[in-house]
Amino acid sequence: MILYDDAVLVLKGVEGQDELRQAYLDHLEAHPDGMWKACTAGHVTASALVIDPGHGRVLLTLHRKLRMWLQMGGHCETGDASLEDAALREATEESGIAGLTLLPGGPVRLDRHPIPPPCHWHFDVQYAVVAEPGAVQAISDESLDLRWFPYDEVAGVADDSVVRLLDATRARL
């Protein structure tokens, strides 16, 4: 499986977050289906923070089910050749913005969080994508709203995982 092999290679290359990175690798070792939503022990997800560095802002989605402002992202699909592909696909689908480009350097960070049954964990591999100047967003079925937030307003609307992702993204810019 290309996606599984890609995930293992990508995770081995993630710098920092050593304990969490190892938990991802252990999960995939124990669960050959750990890339897929059907794995009830938890599964790998791919997300991407949409950024507009020229205007110092990020695009967040008001998630339909969770009712929280989050980065774009979701489950890997069989057509995804890599985690980067999955993150870029999710960001494009959920933002409605064509022409997004991945921030170089691979994943920005990792975030593992509990989710309601029947699954138990999302092992999220987090990327950042850059929107072209003047990009126009379009709300998808998975979202209640999409909104650009200046960097300094994100902590007031989003949870700590999004703030950590933004901080790591800005450090990479």
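Bear in mind the structure is a predicted one, so any value in this text is a computation, not a measurement.

(A) Structural view of the overall build of the protein chain. Looking only at helices and strands, the protein chain features 5 helices and 8 strands. Counting helices and strands in the order they occur from the N terminus, the protein chain gives α-α-β-β-β-β-α-β-β-β-β-α-α. Its C-alpha atoms give the protein chain a radius of gyration of 15 Å, near enough to 16 Å, the size a compact globule of 173 residues would have. Its C-alpha atoms give the protein chain principal-axis dimensions of about 45 × 30 × 30 Å. Burial statistics for the protein chain: of 173 residues in total, 50% are counted as buried. Here the contacts in the protein chain between residues at least 6 apart in sequence split such that 67% fall between residues at least 24 apart.

(B) Focus on the confidence of the model for the protein chain. Across the protein chain, the average pLDDT comes to 93, with 99% of residues at 70 or higher. Looking across the protein chain, the model is least confident in helix H1 (residues 2–13), with a mean pLDDT of 85, and most confident in helix H4 (residues 154–157), with 98.

(C) Region of the structure containing the nonpolar core. Membership of the largest hydrophobic core comes to 35 residues, with the highest contact counts inside it found for Leu28, Met35, Val50, Leu83 and Val125. Those elements giving two or more residues to this core turn out to be H1, helix H2 (18–30), strand E1 (43–52), helix H3 (83–95), strand E7 (121–130) and strand E8 (143–150). Counting residues per element, this core draws most heavily on H1, at 6 residues. In this view, valine 50 contacts Arg57, Val58, Leu59, Met72, Ala91, Ile97, Leu100, Val129, Ala131 and Trp148; residues no more than four positions away in its chain are not counted. If you look at the next biggest cluster of nonpolar residues, it comprises 18 residues, including Leu60, Leu103, Val162 and Leu166.

(D) Spotlight on the environment of aspartate 18. Within the secondary structure layout, aspartate 18 lies in helix H2. Taking the relative accessible area as the measure of exposure, aspartate 18 reaches 49% and is therefore partly exposed. Spatially, the C-alpha atoms of aspartate 18 and glutamate 142 are 32 Å apart, while their sequence positions differ by 124 residues.

(E) Representation of the packing of aromatic side chains in the model. Evaluation of the coordinates by the stated rule reveals 2 aromatic pairs. The interplanar angle of 75° and the centroid separation of 5.0 Å between the aromatic rings of tryptophan 69 and phenylalanine 149 together place this pair among those described as edge-to-face. One end of the pair, tryptophan 69, is in strand E3 (residues 69–70); the other, phenylalanine 149, is in strand E8, with 80 residues separating them in the sequence. One cation-aromatic arrangement involves arginine 57 over tryptophan 148; the distance from NZ or CZ to the ring centre is 4.1 Å.

(F) Representation of unusual backbone geometry. That bond from proline 117 to proline 118 is cis: its omega, 20°, falls within 30 degrees of zero. Relative to the assigned elements, proline 118 resides in the loop between strand E6 (109–114) and E7. With a phi close to 50°, glutamine 17 is a non-glycine residue in the positive phi region. With respect to the helices and strands, glutamine 17 occurs in the loop between H1 and H2.

(G) Region of interest: the environment of leucine 173. In this structure, leucine 173 sits in the segment after helix H5 (160–172). According to the relative accessible area criterion, leucine 173 is partly exposed, its value standing at 47%. When the C-alpha positions of leucine 173 and aspartate 18 are compared, they lie 22 Å apart, and in sequence the two are 155 residues distant. Apart from residues lying up to four places away in sequence, leucine 173 is in contact with Ile51, Pro53, Leu103 and Tyr151.

What counts and how
Residues numbered from 1 in each chain as written. Predicted model: local features only at pLDDT ≥ 70, side-chain atom pairs only at ≥ 80, totals over all residues. Heavy atoms only, no water. Helix = DSSP H or I, 4+ residues; strand = E, 2+ residues; numbered from the N terminus. Rg over C-alpha atoms; globule rule 2.2 N^0.38 Å. Buried < 20%, exposed > 50% of the residue type's maximum accessible area, 1.4 Å probe, protein only. Contact = heavy atoms within 4.5 Å. pLDDT = per-residue confidence, 0-100. Core = buried A, V, L, I, M, F, W, Y, C linked by side-chain atoms within 4.5 Å. Phe/Tyr/Trp six-rings, centres within 6.5 Å; stacked < 30°, edge-to-face > 60°. Lys NZ or Arg CZ within 6 Å of the ring centre and 35° of its normal.

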